[in-house]
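Secondary and tertiary structure notes
So the chains spell out like this:
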Amino acid sequence: MRSSSLPAAGAALVVPLMLLTTTANPAAAHGPRPIATPAASVETPALHDDEAGGNADADDPAIWVNPVDRTRSRVIATAKNGGLRVYDLRGRELQSIETPPAPGPDDEAGRFNNVDIVEGVRLGGRLVDVAAVSDRGRDQLRFYAIDVRTGLLTDVTAADVPFAFNATQAEVNAQRTAYGLDVIAGGYLLVSRRSTPEVGTFTLEVRNGRIGYRAVDRLTLPSTFTLPDGSHWAPCADPGDGPQVEGVVADPENGVAYLAQEDVALWRVPIRDGRFTGRPVTVEKVREFGIPASYDEATEECVVDYDADPGFGGRIAADVEGLTIARHTLVVSSQGDNTFYTYDRRTNRPIGHFAVTDGPYADGSEECDGAAVTGTPLPGFPGGLLVVHDGRNAPDGGTNFKFVDAGFLR
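This is a predicted model, so every value here is computed, not measured. (Residues numbered from 1 in each chain as written. Predicted model: local features only at pLDDT ≥ 70, side-chain atom pairs only at ≥ 80, totals over all residues. Heavy atoms only, no water.)

It is worth spelling out the nonpolar core at this point. Among soluble globular proteins, nonpolar side chains are generally buried collectively. Judged by nonpolar contacts, the single largest core of 38 residues is most densely connected at Tyr-258, Leu-259, Leu-266, Phe-289, Leu-330, Val-332 and Tyr-343. Where this core is concerned, the elements lending two or more residues are strand S11 (188-193), strand S13 (210-220), strand S16 (245-251), strand S17 (256-261), strand S18 (265-272), strand S23 (320-326), strand S24 (329-334) and strand S25 (339-344). (Core = buried A, V, L, I, M, F, W, Y, C linked by side-chain atoms within 4.5 Å. Buried < 20%, exposed > 50% of the residue type's maximum accessible area, 1.4 Å probe, protein only. Helix = DSSP H or I, 4+ residues; strand = E, 2+ residues; numbered from the N terminus.)

Rendered as C-alpha cells:
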C-alpha cells in the first residue's frame, strides 16, 4: 500500500539525507571474502570503438531462452553507437542492427545502452518475446520482436514514441537521457537517467502491431549525504552532472528494485505495479563513500584523496555497475576491482565474491558494465548461463562479452 507521505504517481520522490543506511555485514567492509574464480568458456568477437570498428562499444547483455528449442537461445547485447548484436551460444555473431539516425543535423544519433527481454507481448494476434532497449542518444525506448525460429530481431517500435525523460530535442542533445533498463513483471520497464540520480518506470502500449510506452512513476536518489561524523559529502562528478544510476534490476518475487548509483551505493526500493511504494535504503555503499574528491579541469577526471578516507565505505569498488538476479542470488559488478559481489536476494545478506577469469578459449572480465544470468540449463552451460561485459578484452583489445557456466551461483 502506498504510504500517505509519498508523492502522487509520476512525481519525483526525494529521499532525506539521513535515510542512508546499510544492511551489509560491517565486518565485510574491511576485507573481501575469498574470491571464487569461475572461468569464461566462450567469448564474442571483439568490438572496437573507432571508425574502422563502426564505433561499437560493448555494454550490456540480455539472455533470451528459446521456449521451443534451447539450442537456438540467444544473447542480445548493446554496442552503444554500434547498435545491437545477436549471438548464439557459441558466441558467434548472427545479426547486427544499426541505431536510428539523428533526427536533425545538429542532433544526437541513436546510442543503445541497456537491453532486457519482455516475454509474451501480444503483437498481430500472437504472443512474441521482445528485446527492449534504452536509446541514450535519442532519449527513447526501442523494441525488437524475436523470431522464435531464428532468434533474429525485427524492429517493432512505434513511430511516435516520446522522449523518456526530456521535453524537447534541445534537452535531449544535452544527453541526460534514458540509460539503464530492466523489465518489471506486468509489462513495465525500469529505466535510469544518465548524469542524474533519477529513475523512472514506464508501461508498454501496443497499437497496430507496434510498441510504444508512457511514463508511470519517478524517483530521485540523494546527491549529498550526511556522514556518521556529522559532516556532509557529495560524490565528485563532471560539472553540472549528478551522481548517476546505470545498472537497475527488478525482483518481482520480493517486490523490490535494485539501483546501482555508480559512485555512491547499491540501493533497494519497494516497487509494485510499476510504482515506487516506499523509500530507498542502501544495501551496501561503495568503498570510496565519504572520501573527499575534486574535479580536475585539466584531466577532466575526479581526483580522490584516499589518504583522507574516513572509513565509512563498504566493499564495492566504484563504480557499482551491472546487476542481475540468479536463483536466490543478486549479482553486482564491482567495476573498480574487476570483481562481483553476491547477496541473498531476500535478506540482502552478503554471500560471496568472485572474479571471472581466463579459460582455455576466452580471457576473463574486467571493468564490467553489464551482466545477465539465467538458471535454465543450456547447451554447453548445464548450470545455466552467466554473461558479463568485458571492458578490456585480451589480447586484441576492444570490448566484448564472456559466457560462464552459472552453476557456481546459489
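This paragraph deals with the sheet that holds strand S27 (residues 371-374). On the basis of which strands lie adjacent, the open sheet formed by 4 strands has the order S1-S29-S28-S27 and antiparallel pairing. Each having just a single partner strand, strand S1 (42-43) and S27 make up the two edges of the open sheet. Two strands pair when backbone bridges link them, and strand S28 (residues 385-390) and strand S29 (residues 400-405) are joined in this way by 6 bridges, in the antiparallel orientation. Along S29, the bridge assignment pairs Leu-385 with Asp-405. (Pairing = 2+ DSSP bridges.)

All right, on to the pattern of salt bridges then. Within the structure shown, the criterion is met by 22 salt bridges. The residue Lys-80 makes a salt bridge to Asp-57 at a minimum N-O spacing of 3.3 Å. Of this pair, Lys-80 sits in the loop between strand S3 (74-78) and strand S4 (84-87) while Asp-57 sits in the loop between S1 and strand S2 (61-64); the two residues are 23 residues apart in sequence, bridging distant segments of the chain. Note on accessibility: Lys-80 and Asp-57 belong to one class, buried. Across the pair Asp-363 and Lys-402 runs a salt bridge, and its minimum N-O distance is 2.5 Å. In this pair, Asp-363 sits in the loop between strand S26 (350-354) and S27 while Lys-402 sits in strand S29, placing the two residues 39 residues apart along the sequence. Here Asp-363 matches Lys-402 in class, with each residue buried. Linked by salt bridges that have partners in common, Glu-43, Asp-363, Asp-390 and Lys-402 make up one network. (Salt bridge = Lys/Arg side-chain N within 4 Å of Asp/Glu carboxyl O.)

Turning to its location among the elements, Thr-196 is positioned in the loop between S11 and strand S12 (198-207). By relative accessible area, which is 6% here, Thr-196 ends up buried. A distance of 3.1 Å separates a polar atom in the side chain of Thr-196 from the backbone oxygen of Arg-193. For Thr-196, the side chain forms a polar contact with the main-chain nitrogen of Glu-198, separated by 3.1 Å. Sequence-distant contacts of Thr-196, that is, excluding residues within four places in its chain, are made with Arg-176, Gly-242, Pro-243, Gln-244 and Val-245. (Polar contact = N/O pair within 3.5 Å; in protein donor to acceptor, adjacent residues only side chain to side chain. Contact = heavy atoms within 4.5 Å.)

On to the layout of surface pockets. In this structure, the largest pocket occupies an estimated 1100 Å³ of space. Lining the largest pocket are 42 residues; nearest its centre among them are Gln-244, Glu-262, Asp-263, Glu-301 and Asp-319. Ranked by residue count, the leading element in the lining of the largest pocket is strand S22 (residues 301-304), at 3 residues. Classifying every residue of the lining of the largest pocket by side-chain character gives 15 nonpolar, 9 polar and 18 charged. Counted as a void, the second largest pocket has a volume near 880 Å³. Surrounding the second largest pocket, 44 residues form its lining, Asp-116, Ile-117, Asp-182, Thr-324 and Val-373 being those nearest its centre. Of all the secondary structure elements, the ones that give two or more residues to the lining of the second largest pocket are S2, strand S6 (112-123), strand S10 (178-184), S16, S23 and S27. Here the lining of the second largest pocket is composed, by residue class, of 22 nonpolar, 10 polar and 12 charged. (1 Å grid on protein atoms, 1.4 Å probe; cavity = no way out; pocket = protein on both sides within 12 Å on 5 of 7 lines; lining within 4 Å. Points joined across faces, edges and corners; volume = space filled by probe spheres on them. Nonpolar A, V, L, I, M, F, W, Y, C, P; charged D, E, K, R; others polar.)

Looking now at the packing of aromatic side chains. If you walk through the whole model with that rule in mind, you get 11 aromatic pairs. Ring plane angle 65° and centroid distance 6.3 Å describe the contact between Phe-112 and Tyr-144, whose orientation is recorded as edge-to-face. Here the residue Phe-112 occupies a position in strand S6, and Tyr-144 occupies one in strand S8 (residues 140-146), the gap between them amounting to 32 residues. For the pair formed by Phe-112 and Tyr-144, the shared burial category is buried. (Phe/Tyr/Trp six-rings, centres within 6.5 Å; stacked < 30°, edge-to-face > 60°.)

A cluster of acidic residues, Asp-238, Glu-297, Glu-300 and Glu-301, forms a negative patch on the protein surface. Secondary-structure assignment places Glu-301 in strand S22. (Patch = residues over 30% accessible without salt bridge, like charges linked within 9 Å, V, L, I, M, F, W, Y side chains within 5 Å. Areas by Shrake-Rupley, 256 points an atom, 1.4 Å probe, with all protein chains shown as cover. Lys, Arg positive; Asp, Glu negative; His and termini not counted. Charge placed at Lys NZ, Arg CZ, Asp CG, Glu CD.)

In this section: the sheet that holds strand S5 (residues 93-97). Taking strand neighbours across the sheet as the criterion, the 4 strands line up as S2-S3-S4-S5 in an open arrangement whose pairing is antiparallel. The sheet is open, and its two edges are formed by S2 and S5, each paired on a single side. Direction aside, neighbouring strands of the sheet carry axes that sit 20° apart on average. Judged from the 4 bridges that link them, S4 and S5 form a sheet pairing that is antiparallel. By the bridge assignment for S5, Arg-85 is matched with Ser-96. (Axes fitted to C-alpha atoms, helices over the stretch in contact; angles between N-to-C directions.)

It is worth stressing that arrangement in space is one thing and function is another; only the former is reported here.
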